[in-house]
Amino acid sequence: MARYRYLALFIVLLVYGCNTTKYLRPGQKLYSGAQIKITDKDVKKNVKGDIEDEMEALLRPLPNGKILGIRFKLWLYDRYKTPKRKGLKHLLMSKGEPPVLISAVDLDQNAGILQNRLQNEGYFLAQVSGDTLGKPKTAEAVYTIQLGPQYKYRSITFPKGGDDLDTAVAGAANQTLLKPGDPFNLDRIKTERIRIDARLKEEGYFYFAPEDLIMKYDSTVKDHQVDMWVKIKPETPDEARWIYSVRNIYVYPDYKLRDTALKMDSAKKYLWYNVIDPKNQFRPYTFKNTVLLHPGDIYNRTEHTNSLSRFIELGPFKFVKNRFEDVTPDSAKLDIYYFLTQQKRRSLQTDVVLSQNSADYDGTQLDVNFRNRNTFKGAELYTLTLFANRDIQFGPYNHGYNIYEYGITPSLSWPRFVGPLSFHTDNAFIPRSILTLGYTFINRTQLYSLNSFNASFGYQWKPNIHVQHQLDLEDFTFVDPENITQIYVDSIHKTRNPELAHVINKQFTFGPSYTYTYTNTMETAKTNTFYYTGKVSLSGNLVGLATGADTPRRVSKIFGTPFDQYVKLENEIRFYHKLGPKSSLATRFMVDVGLPYGNSTVLPYSQQFFIGGANSLRGFQAHAIGPGSYILPLELAQGTAFLPDESGDIKIEANAEYRPKLFGFVEGALFVDAGNIWVLNSNPFLPGGTFGKNFLNQMAVDAGFGLRFNFTVLLLRTDYGVPIKQPNSDIPLRGFRYGVFNLAIGYPF
């Protein structure tokens, strides 16, 4: 019991030492916050709570912040307060915050702000008064609110008859935000004016503005109701009533701020637009997929803003400025000018990454990236990446089986579709064709080396902000092993694991793949957001069918090398739910299946599934789980110090994480992970590793906690996970002390 007494004494001393009211001068009282009191008895509890939260958010000033009930920043300010402008005390004081006194609270001003907000939300008869409730050293503000009835719309009337503009406004009525029966709300009325203006901008009303609309209402009708009329102001100018069309379009791809002349004499006509590029830095067809408006088209804001987005998405340009010139007022036509400012055409970037994973590998990676943003004068992006990394295992697991890797990856991206396929898109996103080549050398010291060659060509496009498609017409990979050591050969014989033998076989995969991604996670105002990605990959299907591949009876080859044949499906779903302004729940579910057939009995090692680690099951070492309930027998492990990564043809994983914001840039996490991998075909040397009806009993489960340090441009994550269920009951649970610490960058999902 003595240690608990010491703990209690420590807490008492801590609280006393951080007592911030002892620094107050006589007569001063610290502002401790505000409370909202709604006197109306007929207001529903949930409505009252929402109003109280909204009103509290409007109050100023805010009281001094607390961390675990202690005004730490205030204590820091008072404890190290100094008139000096430099030194350690000044630095510590600057990290704190001065006291917020009750004398700084303007009760009348705050009450007026609250009353005005309530009246804007339909409580026309609301009354608010402010007072203080004091203690010897602190005081709080109390705001008493008498709401009264909330006025609601009885009718909303749009213009009828009149000119073309009246008709256009009336045409926006079917999507109005104002509905009979809804409460009066001034903010929604303002939003409705903006909505109508946006609708008219789609129909050519270039000079129309939200201020040209007037929303009249009558609140004297019976039963606390409001009649609303949407009208066009009589003083609206003629230009705002005209429908504008496009006459000419000009593109300046080398615009600089000092340029003043339009240089019309150097304009080159291409299709429907003109390019002014005296230095011939860009081919005129470069902007074919960018300029979406055409001469003779009615002005449309969406097509115009999409054009601006596409100019930026092209790649070579960092700024886009546009200008409209009303050239023929009698017939309401516009000339459009796009002024494009280039960013640096060539760049060289070096990145150094340090990492540590749960398999006790300490890693470093060096990337050197060269970019040319206008390779063939068509805004093509050429990228050349040179990389080298090493992962060295440390601690008791270090047996010298470290990983060294280096390689080169050139790629070329066209901002348009090239080749056999073509799609028409007219949104804000540029479609791309991508060609990638690569060579990687992997050295698993004391075990083997791999030479990996790859090439792919495909398309990437987005029909809208939520959806992305990626279609690789061909994805080619050839892996040639060398320098295979006796240690590795002995591991194959001892463990009898067929996947290990497959690693050092020549691997040849080729075929198409398609990836579909949907997400609305960028819509931060939503309570629930969703992310899904699905991918299907094929290898050797048509060639295998044509050659009658059927391992082991008939092994087909290309260029003297057996090729892999499989179908692979990958699915990942994420769901995010906001629990409040400072906390959320994140979940993820993954189901991946690979089906080797024909020329293959197992998936190639590069296509197999792994589980465990910093972004997976965080209570287990990376790649150390499964397949299924399989355990490497002790007698097989003896005689070889190398323990292989576990892999499989099927993967199921689920994760859930509670994410509260603790203070400042520090976030917390409580998480649970579950999952495993399995092989598809039964193997006598992997007992328990085949997927079957008892797969749920073979799930590995962990739980843990973590901290996230969110520096905006970088999120540093620490997690500590502890196994709470092993995939095989013969594996003992060793308790909290034997958990796994993970250090990573970014959220796990």
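On a predicted model such as this, the values are computed, not experimentally measured, just so you know.

1. Some remarks on the sheet that holds strand 3 (residues 138–146)
Next, step 1: As summarised here, the arrangement of the three strands in space is 1-3-2, forming an open sheet in which the pairing is mixed. The open sheet terminates on both sides in strands that have one partner only, identified here as strand 1 (30–38) and strand 2 (127–134). Sheet twist, expressed as the average angle between the axes of neighbouring strands with direction ignored, equals 20°.
Next, step 2: Two strands pair when backbone bridges link them, and strand 1 and strand 3 are joined in this way by seven bridges, in the parallel orientation. Paired with I36 across the two strands is Y143, which belongs to strand 3.
Next, step 3: This element, helix 5 (residues 107–120), spans strand 1, strand 2 and strand 3 of the sheet and lies at about 145° to strand 2.

2. Overview of the nonpolar core
Next, step 1: Core analysis: the largest hydrophobic core is formed by 24 residues, its most contacted members being I249, V251, Y273, F287, V291, F311 and Y338.
Next, step 2: The set of elements that each furnish at least two residues to this core consists of strand 7 (245–252), strand 9 (273–276), strand 10 (317–328) and strand 11 (333–342).
Next, step 3: With four residues, strand 11 is the single largest residue contributor to this core.
Next, step 4: When neighbours within four sequence positions are excluded, Y338 is seen to be in contact with I249, Y250, V251, Y252, L293, H304, S307, L308, F311, K321 and N322.
Next, step 5: One finds Y153, V169, A172 and L178 within the second-largest nonpolar core, a separate group that totals 23 residues.

3. Quick look at the pattern of salt bridges
Next, step 1: Taken as a whole and judged by the stated rule, the model has 23 salt bridges.
Next, step 2: Close ionic contact of E570 with K568 constitutes a salt bridge, the shortest N to O distance being 4.0 Å.
Next, step 3: The class for E570 is partly exposed, based on a relative accessible area of 22%.
Next, step 4: Overall, the relative accessible area of 6% leaves K568 in the buried class.
Next, step 5: In this structure, the salt-bridge partner of R618 is D673, at a minimum N-O distance of 2.9 Å. One end of the pair, R618, is in the loop between strand 24 (583–596) and helix 12 (634–637); the other, D673, is in strand 26 (residues 666–678), and 55 residues separate them in sequence. Across the pair, exposure class does not vary: R618 and D673 are buried alike.
Next, step 6: In the salt-bridge network here, residues are joined through shared partners; they are R618, E657, R659, D673, R708, R717 and D719.

4. Details of the confidence of the model for the protein
Next, step 1: In this model, the protein carries an average pLDDT of 89, and 93% of its residues clear a pLDDT of 70 or more.
Next, step 2: The model gives residues 10–14 a pLDDT under 50, and that stretch makes one contact with residues more than four places away or in other chains.

5. Let's talk about the side chain of K201
Next, step 1: Structurally, the position occupied by K201 is in helix 7 (residues 186–201).
Next, step 2: Only 2.3 Å separates the side chain of K201 from the backbone oxygen of F208, close enough to count as a polar contact.

6. Quick word on a positive patch on the surface
Next, step 1: Among the surface-exposed residues, K22, R79, K84 and K89 lie close enough to one another that they form a single positively charged patch.
Next, step 2: Note on placement: K89 falls in helix 4 (residues 88–94).
Next, step 3: On the basis of relative accessibility, which here comes to 43%, the residue K89 falls in the partly exposed class.

7. What to know about the packing of helix 2 (residues 45–58) against helix 5
Next, step 1: Where helix 2 contacts helix 5, the two axes come as close as 10 Å, and the packing angle between them is 135°. Compared by their axis directions, helix 2 and helix 5 come out oblique. In this structure, the crossing between helix 2 and helix 5 has a hand that is right-handed. Residue-level contacts link I51, E54, M55 and L58 of helix 2 to I113, L114, R117 and L118 of helix 5.
Next, step 2: Taken together, the residues of the contact of helix 2 with helix 5 break down into six nonpolar, no polar and two charged.

Rules and cut-offs
Residues numbered from 1 in each chain as written. Predicted model: local features only at pLDDT ≥ 70, side-chain atom pairs only at ≥ 80, totals over all residues. Heavy atoms only, no water. Pairing = 2+ DSSP bridges. Helix = DSSP H or I, 4+ residues; strand = E, 2+ residues; numbered from the N terminus. Axes fitted to C-alpha atoms, helices over the stretch in contact; angles between N-to-C directions. Contact = heavy atoms within 4.5 Å. Core = buried A, V, L, I, M, F, W, Y, C linked by side-chain atoms within 4.5 Å. Buried < 20%, exposed > 50% of the residue type's maximum accessible area, 1.4 Å probe, protein only. Salt bridge = Lys/Arg side-chain N within 4 Å of Asp/Glu carboxyl O. pLDDT = per-residue confidence, 0-100. Polar contact = N/O pair within 3.5 Å; in protein donor to acceptor, adjacent residues only side chain to side chain. Patch = residues over 30% accessible without salt bridge, like charges linked within 9 Å, V, L, I, M, F, W, Y side chains within 5 Å. Areas by Shrake-Rupley, 256 points an atom, 1.4 Å probe, with all protein chains shown as cover. Lys, Arg positive; Asp, Glu negative; His and termini not counted. Charge placed at Lys NZ, Arg CZ, Asp CG, Glu CD. Parallel < 35°, antiparallel > 145°, perpendicular 65-115°, else oblique. Left-handed = near helix turned anticlockwise from the far one by under 90°. Nonpolar A, V, L, I, M, F, W, Y, C, P; charged D, E, K, R; others polar.

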